[in-house]
Amino acid sequence: MNLLVDIGNTRCKWALARGTALIETGVVVRAGNADWLEALPRTAVEAVHVSSVAQPEALAHLREFAVRRGANLQAAVSSSRSGDLINAYDQPERLGVDRWMACIAARTAGRGSVLVADAGTALTLDFVDADGHHQGGLITPGVATMRGALRRQTQLRPARESAAPLWLARNTDAAIAAGTLRSAISLLDNAAVELSPDRLLLTGGGAPQLAEYLAQRWTLRPHLVLEGLAVHAQRQSSLPAG
């Protein structure tokens, strides 16, 4: 049994896994929560595998947690290839490891081209062609991040966080809520049309909010990064020692 941990900027997702099968999953809000590690399961595990895009302190705290548990911690990094998946970046390690894990899971789950969208603090897109070549992607602020930027950098103080993506709102709060949501929807709709992949996969904390308004049918995969981390962990364990 392994403990898989996906540390994001705002939340931490975890899973207990046997091989590539996720047995139990959970999520904890990490932002502003100094005790987030207390929410991780206490089940005995052989190893802790982590994908982290957070500040180094978060990974250091998880490493201490693993030591107390008597488990080896393995931090995933993006590489030039995984199985038949080829990384498009000139410097593969610079690709966000969460994006790489999601691409691994997407490629493992089926053939044909696939567009992966992760709607979190950032909204990211990655395209993998039918031959397993990652073609690159985009990064833009997530819906909540856009709203936060308006709070910090303007006199606007939106009081609501949800709204239908209207084109013509009739008050400032609704205009901000709808406009930020519409920005994300438009990006995903346009990407689906212009890239025309065989499969569309949507993950991240903001995925359910976006999915109901998208023009194309996206498959919701809430644990996509953890699924990729499970595949990555299994592949790493099969490598020769040293």
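You'll find the structure just up there.
This one's a predicted model, so the numbers in the text were calculated from it and none came from an experiment.

Asks: What is the right way to read the nonpolar core from this model?
Replies: Generally speaking, soluble globular proteins have nonpolar side chains that are buried together. Ranked by internal contacts, the top residues of the largest apolar core, which has 24 residues, are Leu4 and Met101. At the level of elements, strand 2 (11–18), helix 2 (97–109), strand 8 (114–119) and helix 6 (224–237) are the ones that each hand at least two residues to this core. The element contributing the most residues to this core is helix 2, with 8 residues. Residues in contact with Met101, not counting those within four places in the same chain, are Ser51, Ala76, Leu224, Val225, Gly228, Leu229 and His232.

Asks: In this structure, what is going on with the layout of surface pockets? I would like to understand it.
Replies: Gaps between atoms show up when a probe of the same size as a water molecule is rolled over them. By volume, the largest pocket is sized at about 760 Å³. In this structure, the largest pocket is lined by 36 residues; those nearest its centre are Ala119, Gly120, Thr121, Ala122 and Gly205. When contributions to the lining of the largest pocket are tallied by element, the ones reaching two or more residues are strand 2, helix 2, strand 8, strand 9 (122–128), helix 3 (143–153), helix 5 (207–211) and helix 6. Broken down by element, the lining of the largest pocket gets its largest block of residues, 4 residues, from helix 3.

Asks: Would you take a moment to explain the pairing of strand 9 for this structure?
Replies: For a regular strand, side chains alternate in direction, first toward one face of the sheet and then toward the other. The buried fraction of strand 9 is high, at 6 of 7 residues. The pairing of strand 8 with strand 9 spans 6 bridges and is antiparallel. Looking across to strand 9, one finds that Val114 is bridged to Val128. A loop of 2 residues connects strand 8 with strand 9, the two strands running antiparallel in sequence.

Asks: Would you mind going over unusual backbone geometry with me for this structure?
Replies: Residues other than glycine predominantly adopt negative phi, and peptide bonds predominantly adopt the trans conformation. With a phi angle near 50°, Ser196 is a residue other than glycine that sits in the positive phi range. Along the chain, the position of Ser196 falls in the loop between helix 4 (172–195) and strand 11 (199–203). With a relative accessible area of 54%, Ser196 lands in the exposed category.

Asks: I'm lost on the packing of helix 3 against helix 4 in this one. Help?
Replies: In a pair of packed helices, the angle between the axes and the distance between the axes together describe the arrangement. One way to put it is that helix 3 packs onto helix 4 with a least axis distance of 9 Å and a crossing angle of 135°. Looking at the two axes, helix 3 sits oblique to helix 4. Regarding helix 3 and helix 4, the two cross each other, and that crossing is right-handed. Residues Val143, Met146, Arg147 and Leu150 of helix 3 pack against Ile176, Ala177, Thr180, Leu181, Ser183 and Ala184 of helix 4. Here the residues of the contact of helix 3 with helix 4 are counted per class, giving 7 nonpolar, 2 polar and 1 charged.

Asks: How should the packing of aromatic side chains be read in this particular structure?
Replies: One pair of aromatic rings is described through two measures. These are the centre distance and the angle between the planes. All chains considered together, the criterion is met by 0 aromatic pairs. The ring centre of Trp36 lies 6.0 Å from the NZ or CZ of Arg30, which sits over that ring.

Asks: Explanation requested: the sheet that holds strand 12 (residues 219–220) in the structure shown.
Replies: Strand pairs in the sheet, formed through backbone hydrogen bonds, run parallel or antiparallel to each other. Read from one edge of the open sheet, 5 strands run 10-9-8-11-12, paired in mixed fashion. Where the open sheet ends on each side, the last strands, each with one partner, are strand 10 (134–141) and strand 12. As paired strands, strand 9 and strand 10 are joined by 7 bridges and run antiparallel to one another. Each bridged residue has a counterpart across the sheet, and for Asp126 the counterpart in strand 10 is Gly137. Where helix 2 meets the sheet, its contacts fall on strand 8, strand 9, strand 10 and strand 11, and the angle it forms with strand 9 comes to roughly 40°.

Asks: Looking at this model, I keep getting lost on helix 6. Mind explaining?
Replies: In an α-helix there are 3.6 residues to a turn, and that puts residues three or four apart on one side. Compared with an ideal rise of 1.5 Å per residue, which puts 14 residues at 20 Å, helix 6 spans 20 Å between its outermost C-alpha atoms and is within 8% of the ideal. Within helix 6 the residues assigned to the buried category are Leu224, Val225, Leu226, Gly228, Leu229, Ala230, Val231, His232 and Ala233.

Asks: How do you make sense of the pairing of strand 1 (residues 2–7) when you look at a structure like this?
Replies: By the criterion of burial, strand 1 is predominantly enclosed, with 6 of the 6 residues buried. Here strand 1 shows no split at all, with Asn2, Leu4 and Asp6 on one side and Leu3, Val5 and Ile7 on the other all buried. Pairing geometry for strand 1 and strand 2, over 6 bridges, is antiparallel. Counterpart to Asn2 in the pairing with strand 2 is Ala17. Hairpin connection, strand 1 to strand 2: the antiparallel pair is bridged by 3 residues. Looking at chain direction, strand 1 and strand 4 (residues 47–52) are connected through 6 bridges and run parallel. Residue pairing for strand 4: Asn2 is matched across the bridge by Ala47.

Asks: Can you help me understand the sheet that holds strand 4 in this one?
Replies: The sheet built from 5 strands is open, its strands ordered 3-2-1-4-5 with mixed pairing. A strand with exactly one partner marks an edge of an open sheet, and here the two such strands are strand 3 (21–29) and strand 5 (72–75). If you compare each strand with its neighbour and ignore which way they point, the axes differ by 20° on average. With 4 bridges joining them, strand 4 and strand 5 adopt parallel strand pairing. Counted as the bridge partner of Val50 is Ala75 from strand 5. Across the sheet, helix 1 (residues 56–69) touches strand 1, strand 4 and strand 5, and the angle it forms with strand 5 is around 155°. Strands in contact with helix 6 are strand 1, strand 2, strand 3 and strand 4; relative to strand 1, the strand with the most contacts, it is inclined by about 130°.

Cut-offs applied
- Residues numbered from 1 in each chain as written.
- Predicted model: local features only at pLDDT ≥ 70, side-chain atom pairs only at ≥ 80, totals over all residues.
- Heavy atoms only, no water.
- Core = buried A, V, L, I, M, F, W, Y, C linked by side-chain atoms within 4.5 Å.
- Buried < 20%, exposed > 50% of the residue type's maximum accessible area, 1.4 Å probe, protein only.
- Helix = DSSP H or I, 4+ residues; strand = E, 2+ residues; numbered from the N terminus.
- Contact = heavy atoms within 4.5 Å.
- 1 Å grid on protein atoms, 1.4 Å probe; cavity = no way out; pocket = protein on both sides within 12 Å on 5 of 7 lines; lining within 4 Å.
- Points joined across faces, edges and corners; volume = space filled by probe spheres on them.
- Pairing = 2+ DSSP bridges.
- Axes fitted to C-alpha atoms, helices over the stretch in contact; angles between N-to-C directions.
- Parallel < 35°, antiparallel > 145°, perpendicular 65-115°, else oblique.
- Left-handed = near helix turned anticlockwise from the far one by under 90°.
- Nonpolar A, V, L, I, M, F, W, Y, C, P; charged D, E, K, R; others polar.
- Phe/Tyr/Trp six-rings, centres within 6.5 Å; stacked < 30°, edge-to-face > 60°.
- Lys NZ or Arg CZ within 6 Å of the ring centre and 35° of its normal.
- Expected span 1.5 Å × (residues − 1).

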